[in-house]
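Letter by letter, the chains look like this.
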Amino acid sequence: MSKVAVVTGSAGGLGKGIAQRLAKDGFKLVLHDINGDMLADTLKEFKDNGIDAVAVTGDVSKQADQLNLVAEAVKAFDHIDVFINNAGIDVVSPFLEIDEAQLNRLFSINVNGVVFGTQAAAKQFMKQGTKGKVINACSIAGHEAYEMLGTYSATKHAVKAFTHVAAKELASEQITVNAYCPGVAKTSMWERIDEAMVARDDSMQPGDAFKKFSGNIALGRYQTADDVANLVSFLASDDADYITGQTILTDGGLVYN
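These lines cover the structure that appears in this document, whether it is placed above or below.

Reading guide: rules and limits
Residues numbered from 1 in each chain as written. Predicted model: local features only at pLDDT ≥ 70, side-chain atom pairs only at ≥ 80, totals over all residues. Heavy atoms only, no water. Axes fitted to C-alpha atoms, helices over the stretch in contact; angles between N-to-C directions. Helix = DSSP H or I, 4+ residues; strand = E, 2+ residues; numbered from the N terminus. Parallel < 35°, antiparallel > 145°, perpendicular 65-115°, else oblique. Left-handed = near helix turned anticlockwise from the far one by under 90°. Contact = heavy atoms within 4.5 Å. Pairing = 2+ DSSP bridges. Expected span 1.5 Å × (residues − 1). Buried < 20%, exposed > 50% of the residue type's maximum accessible area, 1.4 Å probe, protein only. Arc of directions from axis to C-beta.

## Focus: the packing of helix 1 (residues 13-24) against helix 2 (residues 36-48)
Right, so step 1: In contact at an axis separation of 12 Å, helix 1 and helix 2 are set at 20° when each is read in the N-to-C sense. Between helix 1 and helix 2, the interaxial angle falls into the category roughly parallel. Handedness of the helix 1/helix 2 crossing: right-handed. Residue-level inspection shows K16, A19 and Q20 of helix 1 in contact with helix 2, the latter providing T42, E45 and F46.

## Considering the sheet that holds strand 2 (residues 28-33)
Right, so step 1: A sheet is described by the order of its strands in space; here seven strands give the open sequence 3-2-1-4-5-6-7, paired in parallel fashion. The outermost strands of the open sheet, each flanked by one partner alone, are strand 3 (53-57) and strand 7 (247-250). This sheet shows a mean twist of 20° between the axes of neighbouring strands, independent of strand direction.
Right, so step 2: In terms of strand pairing, strand 1 (residues 4-7) meets strand 2 through four bridges, oriented parallel.

## Topic: helix 6 (residues 188-199)
Right, so step 1: With twelve residues, helix 6 should reach 16 Å at 1.5 Å per residue; the first-to-last C-alpha distance of 16 Å fits that figure.
Right, so step 2: For helix 6, the full list of buried residues reads M189, W190, I193, D194, M197 and V198. Within helix 6, the buried residues cover an arc of 160° as seen down the axis, which keeps them to one side. Seen from the open side of helix 6, the exposed residues pointing more than 90 degrees away from its buried face are E191, E195 and A199.

Shown next, in the form of structure tokens:
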């Protein structure tokens, strides 16, 4: 029986790259994103390439949407094996400018989304009576806190904490919970970070912030979606059955923890 993986935030970026790799690994895919038009385009691309996939539009910050996502996955493929809480957003701002709206928005998506997704997946695994894997998107910002990225860093530290707690509480059900922690990748998220940082510093030119962060990578290059997908592929495999509660860095040598 083919395995089934659910990937939130998979219409583009790292999430799409992860989904593509899991398809190569033989998984059936449940794609998910809040951007319905972009998601439809990605689903068409997957199907045109012979990938067995369905798409569900929804908002990870809403518990009902996460429950619906799992229900739609089961309706399409009868069961799930892996649930990847990939969806997330960032914001660039000085600490003194962090406001209520910023905190509520980032925590609702980056943290509440991980909690609600993990709960929905775990309940389905238990209903199936099978083992299961939850894999969360953390970040180097879950291991260190970065200036101008205070709220984002705080949410990723929270993801790390919930990964640990869920792993401890769900281990008796043979449900593992781990997280992947990307570094600096040339994605639309990093383009936004670079643009926002450059806009706040007259001495910087477009691309300078990205160069500054990526220039510190020991292996000498910025990250690609494949670098992240390789780790997620392993965590989603049977080879990772004895690993739980870990937040694993995949950053080319940027943060050492």
